[in-house]
Amino acid sequence: GTNIRIAWSIGKSKPMNSTGVSKLSDEQVVLFFRKLKNELNCSSTEKIIAQVRQVLSRLSGKFSARQLTELVNKTPPLFHLLLISNRRYAEATDQITHLDELADSVYAEDQQKGIKIFRSEIQALENVIVILKRLQGLFMLAGMQVVSYVLASELQQAAIEEAA
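Residues numbered from 1 in each chain as written. Predicted model: local features only at pLDDT ≥ 70, side-chain atom pairs only at ≥ 80, totals over all residues. Heavy atoms only, no water.

**Q** Give a description of the pattern of salt bridges that names residues and reports values.
**A** Tallying each qualifying case throughout the model produces five salt bridges. A salt bridge links Arg-134 to Glu-39, with the nearest nitrogen and oxygen atoms 2.8 Å apart. Linking Arg-134 in helix H8 (residues 121-141) with Glu-39 in helix H2 (residues 26-39), this pair joins segments that are 95 residues apart in sequence. Taking relative accessible area as the criterion, Arg-134 reaches 28% and is therefore assigned partly exposed. The exposure class assigned to Glu-39 is partly exposed, which follows from its relative accessible area of 37%. One salt-bridge network, in which partners are shared between bridges, spans Arg-58, Glu-109 and Lys-113. (Salt bridge = Lys/Arg side-chain N within 4 Å of Asp/Glu carboxyl O. Helix = DSSP H or I, 4+ residues; strand = E, 2+ residues; numbered from the N terminus. Buried < 20%, exposed > 50% of the residue type's maximum accessible area, 1.4 Å probe, protein only.)

**Q** I'd like a rundown of the packing of aromatic side chains, residues and numbers included.
**A** Counted according to the given criterion, the structure contains four aromatic pairs. Taken together, a centroid distance of 4.9 Å and an interplanar angle of 75° make the contact between Phe-32 and Phe-33 edge-to-face. When the centroid spacing of 6.3 Å and the interplanar angle of 45° are considered together, the rings of Phe-33 and Phe-79 count as tilted. Remark: Phe-79 occurs in helix H5 (residues 77-84) and Phe-33 occurs in helix H2; sequence separation between them is 46 residues. Note on accessibility: Phe-33 and Phe-79 belong to one class, buried. Grouping aromatic residues by their ring pairs yields a cluster made of Phe-32, Phe-33, Phe-79 and Phe-139. (Phe/Tyr/Trp six-rings, centres within 6.5 Å; stacked < 30°, edge-to-face > 60°.)

**Q** An account of helix H9 (residues 149-163) is needed here, citing residue identities and associated values.
**A** For H9, with 15 residues, the first-to-last C-alpha span of 21 Å sits near the 21 Å given by 1.5 Å per residue. Buried residues of H9: Leu-151, Ala-152, Leu-155 and Ala-158, and no others. With its buried residues spanning 120° around the axis, H9 presents them on a single face. In H9, the exposed positions that point more than 90 degrees away from the buried face belong to Tyr-149, Gln-156, Ile-160 and Glu-161. (Expected span 1.5 Å × (residues − 1). Arc of directions from axis to C-beta.)

Following this line, the structure appears as structure tokens:
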């Protein structure tokens, strides 16, 4: 009962673009980054943006042209640069199917390029989990699924383990 009404009212409040497709607002994206910054206990917005960019670059390499077009159409310009910057193409990310592979890949790039956003592989895994959960929630607001079934299942399992 209540959950359905809440979901319906959230759906009704989403901005629509000219094609009638639900679209994320600038405010929703700003709120996403604020929540992420608090949840990761990070004082630097630049570091949070860099981490999200790294994760998105790994995810977006697997997206088709149609999926990327939908993402661009359903996100505000504020988010577009994150979607397309440092994009990894499918041939470079085919081996990334699981959460640990994604975290290892993000951490390896961080170390290789000397970015040093993550202090350890464990921190990279923890942050990737939080970022993916937040991205999944953000994109669900616009009716999009950007995380594969395997990654979504592993995120759910990580949440169960964290609660135990």
